[in-house]
Amino acid sequence: MFRFESPEYLYLLLLLPVFGALFAYSNYRRKKKIAAFGDSELVAQLMPNHSSFRVSLKYALLLLAFMSGVFLLARPQFGGKYETVKRRGVEVMIALDISNSMMAQDVAPNRLERAKLLVSRLIDKLNTDKVGLIVFAGDAFIQLPMTSDYVSAKMFLGDITPALIGRQGTNIADAVKLSMRSFTGSQSAAKTIVIITDGENHEPGALEAVQEASAQGIQVNVLGIGSPDGTPIPVSGTDDYMKDRNGNVVVTKLNEDLCKQLAQAGGGIYSYISNNNSAQKAIDGQIEKLSKDDVESKVYTEYNEQFVPIAWAVLLILAVEMFVMNKRNKRIGKIKLF
């Protein structure tokens, strides 16, 4: 793969037509002055060694040197070939609840933003591990496939809002099943699912899905978020709260019992996300405990700078330009001036 590290310098190439136009205008003015001076044949006899071809050649060489210098500033690079490398780490699939109830503000600034902050810090702690991201509400879909590109993971994390999924609800079963299918085919790497939810499960099968994951050797951890006492859900852009069909304010509560059952069935831990860092420390420690093993990753090779060959090309062009005389070589026959 070919690329420029500093492509902004390529805009300097727009000067080439300007330089060409200036040279053409200069030739036009010179010919006009010579024509005003006298007969062209007589002028040619007075300047027998002058070669307009060589003048043009020298200018063309200077333009070529300028163009090569621009490419040099833009730093052309070759590389980008994928290589499969082995890293020692754990595969972590994060299943994040983005249902409307996650907008409740019983955890500052709200449940979803607090959960995203925890995930961001979790990614910062990863070293040679791979991470993937699934979002779910009434449905579940992959926001980011399993990767060791932590920069991309945090970028995709920042784009998450409840608007990503039109069908509301909290379908933990689908999130777990999709997580199971999203791991790599490695048989030796430790695998874990981290579910972050308020536990208001509106679909059946969550416990069965977690038990299936555990049977396949996949650990399931659950981080609960929200108040067990319940809190209303604010409507974005207003001072009002979400209401049901009967006009009653909807109150969302953390279903801590379900979260604990899922964590127990998955062989993992349950931790409550509050405004302190206890849940952060708990999940970081849990991932650290998992056995480390080789995980295959496809990564880019480093790009190779092409500075040296282009620099030599510039020097060679300038050297040729210096040795090209403005005068005609008598051995080559006469070349007409006009």
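Because the structure is a prediction, the values reported are computed rather than measured.

A.B. asks: Sorry, what's going on with the overall build of the protein chain here?
C.D. replies: Counting its regular elements, the protein chain contains ten helices and 13 strands. Looking at the protein chain as a whole, 41% of its 338 residues are labelled buried. Sequence separation of 24 or more characterises 80% of the internal contacts of the protein chain that already satisfy a separation of 6 or more. Carbon and sulfur atoms form 57% of the exposed surface of the protein chain, whose accessible area is close to 18,900 Å².

A.B. asks: It is not clear to me how the UniProt feature "transmembrane region" (unreviewed entry) in the protein chain should be interpreted in this structure. Could you clarify?
C.D. replies: In this structure's numbering, the residues bearing the UniProt feature "transmembrane region" (unreviewed entry) are residues 6-25, 55-74 and 307-326. Secondary structure across residues 6-25 comprises 55% helix and 0% strand; the distance between its end C-alpha atoms is 33 Å. In residues 55-74, the share of helix is 95% and the share of strand is 0%. The end C-alpha atoms are 29 Å apart.

A.B. asks: Just to check I follow, could you spell out the sheet that holds strand E11 (residues 267-273) for this structure?
C.D. replies: Pairing between the strands of a sheet is mediated by backbone hydrogen bonds and can be parallel or antiparallel. Read from one edge of the open sheet, six strands run E6-E5-E4-E7-E8-E11, paired in mixed fashion. Bordering the open sheet on either side are strand E6 (140-147) and E11, each of which pairs with just one other strand. Across the sheet, the axes of successive neighbouring strands diverge by a mean angle of 15°, strand direction being ignored. Contacts from helix H6 (residues 172-182) reach strand E4 (91-97), strand E5 (130-136), E6, strand E7 (191-197) and strand E8 (218-225), with the element oriented near 30° to E6. Where helix H8 (residues 256-265) meets the sheet, its contacts fall on E7, E8 and E11, and the angle it forms with E11 comes to roughly 150°.

A.B. asks: Would you take a moment to explain the pairing of E6 for this structure?
C.D. replies: Regular strands show a simple pattern: their side chains alternate between the two faces of the sheet. Examined bridge by bridge, E5 and E6 share five bridges and lie antiparallel to one another. For Leu 133, the partnering residue across the bridge sits in E6 and is Leu 144. Linking E5 to E6, which pair antiparallel, is a turn of three residues.

A.B. asks: Would you mind going over the packing of aromatic side chains with me for this structure?
C.D. replies: Applying the stated rule across the entire model yields one aromatic pair. Ring geometry for Phe 19 and Phe 66: centres 5.3 Å apart, planes at 80°, overall edge-to-face. In this pair, Phe 19 sits in helix H1 (residues 15-37) while Phe 66 sits in helix H3 (residues 52-73), placing the two residues 47 residues apart along the sequence.

A.B. asks: Teacher, can you tell me more about the packing of helix H4 (residues 111-125) against helix H9 (residues 278-289) here?
C.D. replies: The relative placement of two packed helices comes down to the angle between their axes together with the axis-to-axis distance. In contact at an axis separation of 10 Å, H4 and H9 are set at 35° when each is read in the N-to-C sense. Two packed elements cross with a definite hand, and for H4 against H9 that hand is right-handed. Within the contact between the two elements, H4 uses Leu 117, Leu 118, Arg 121, Leu 122 and Lys 125 and H9 uses Ala 279, Gln 280, Ile 283, Asp 284 and Ile 287. A per-class count over the contact of H4 with H9 returns six nonpolar, one polar and three charged.

A.B. asks: For this particular structure, what's the right way to read the environment of Ser 68?
C.D. replies: Here Ser 68 lies in helix H3. A sequence separation of 243 residues divides Ser 68 from Ala 311, and the C-alpha atoms of the two residues are 8.1 Å apart. Setting aside chain neighbours within four positions, we find Ser 68 in contact with Ile 310, Val 314 and Ile 317.

A.B. asks: Looking at this structure, how should I read a nonpolar patch on the surface?
C.D. replies: A cluster of nonpolar side chains, Tyr 9, Leu 12, Leu 15, Val 18, Leu 22 and Leu 73, forms an exposed patch at the surface whose accessible area comes to about 490 Å². Top element by residues in the nonpolar patch is H1. It accounts for three residues. Mapped onto the fold, Leu 22 is located in helix H1. Residue class for Leu 22 comes out exposed when judged on its relative accessible area of 52%.

A.B. asks: Help me understand the pattern of salt bridges in this model?
C.D. replies: Oppositely charged side chains may form a pair once their charged atoms are brought near each other. This structure, assessed with the given rule, holds seven salt bridges. We note a salt bridge from Arg 111 to Asp 106, for which the minimum N-O separation is 2.7 Å. Overall, the relative accessible area of 0% leaves Arg 111 in the buried class. Residues Arg 167 and Asp 139 are paired through a salt bridge, measuring 3.1 Å at the closest nitrogen-oxygen approach. Of the two residues, Arg 167 is situated in the loop between helix H5 (150-158) and H6 and Asp 139 in the loop between E5 and E6; the sequence distance between them amounts to 28 residues. Arg 167 sits in the partly exposed class, given a relative accessible area of 41%. The class of Asp 139 is partly exposed, set by a relative accessible area of 35%.

A.B. asks: Is there a simple way to explain the nonpolar core in this structure?
C.D. replies: The nonpolar side chains of soluble globular proteins are, as a tendency, buried together. Membership of the largest hydrophobic core comes to 34 residues, with the highest contact counts inside it found for Ile 94, Leu 96 and Ile 196. Those elements that provide at least two residues to this core are E4, H4, E5, H5, E7, E8 and H9. Not counting chain neighbours up to four residues away, the residues in contact with Leu 96 comprise Leu 112, Ala 115, Lys 116, Ile 134, Val 135, Phe 136, Leu 157, Ile 160 and Ile 196. In this structure, Ile 172, Leu 178, Ile 218 and Leu 262 belong to the second largest nonpolar core, which totals 26 residues.

A.B. asks: I'm lost on H6 in this one. Help?
C.D. replies: Owing to its 3.6 residues per turn, the α-helix brings residues three or four apart onto one side. Of all the eleven residues making up H6, eight are buried; the element is thus mostly covered by neighbouring parts of the structure. Regarding H6, the residues found buried are Ile 172, Ala 173, Ala 175, Val 176, Leu 178, Ser 179, Met 180 and Ser 182.

Conventions used here
Residues numbered from 1 in each chain as written. Predicted model: local features only at pLDDT ≥ 70, side-chain atom pairs only at ≥ 80, totals over all residues. Heavy atoms only, no water. Helix = DSSP H or I, 4+ residues; strand = E, 2+ residues; numbered from the N terminus. Buried < 20%, exposed > 50% of the residue type's maximum accessible area, 1.4 Å probe, protein only. Contact = heavy atoms within 4.5 Å. Areas by Shrake-Rupley, 256 points an atom, 1.4 Å probe, with all protein chains shown as cover. UniProt positions renumbered as here; feature names shortened; annotations may be inferred. Pairing = 2+ DSSP bridges. Axes fitted to C-alpha atoms, helices over the stretch in contact; angles between N-to-C directions. Phe/Tyr/Trp six-rings, centres within 6.5 Å; stacked < 30°, edge-to-face > 60°. Left-handed = near helix turned anticlockwise from the far one by under 90°. Nonpolar A, V, L, I, M, F, W, Y, C, P; charged D, E, K, R; others polar. Patch = residues over 30% accessible without salt bridge, like charges linked within 9 Å, V, L, I, M, F, W, Y side chains within 5 Å. Salt bridge = Lys/Arg side-chain N within 4 Å of Asp/Glu carboxyl O. Core = buried A, V, L, I, M, F, W, Y, C linked by side-chain atoms within 4.5 Å.

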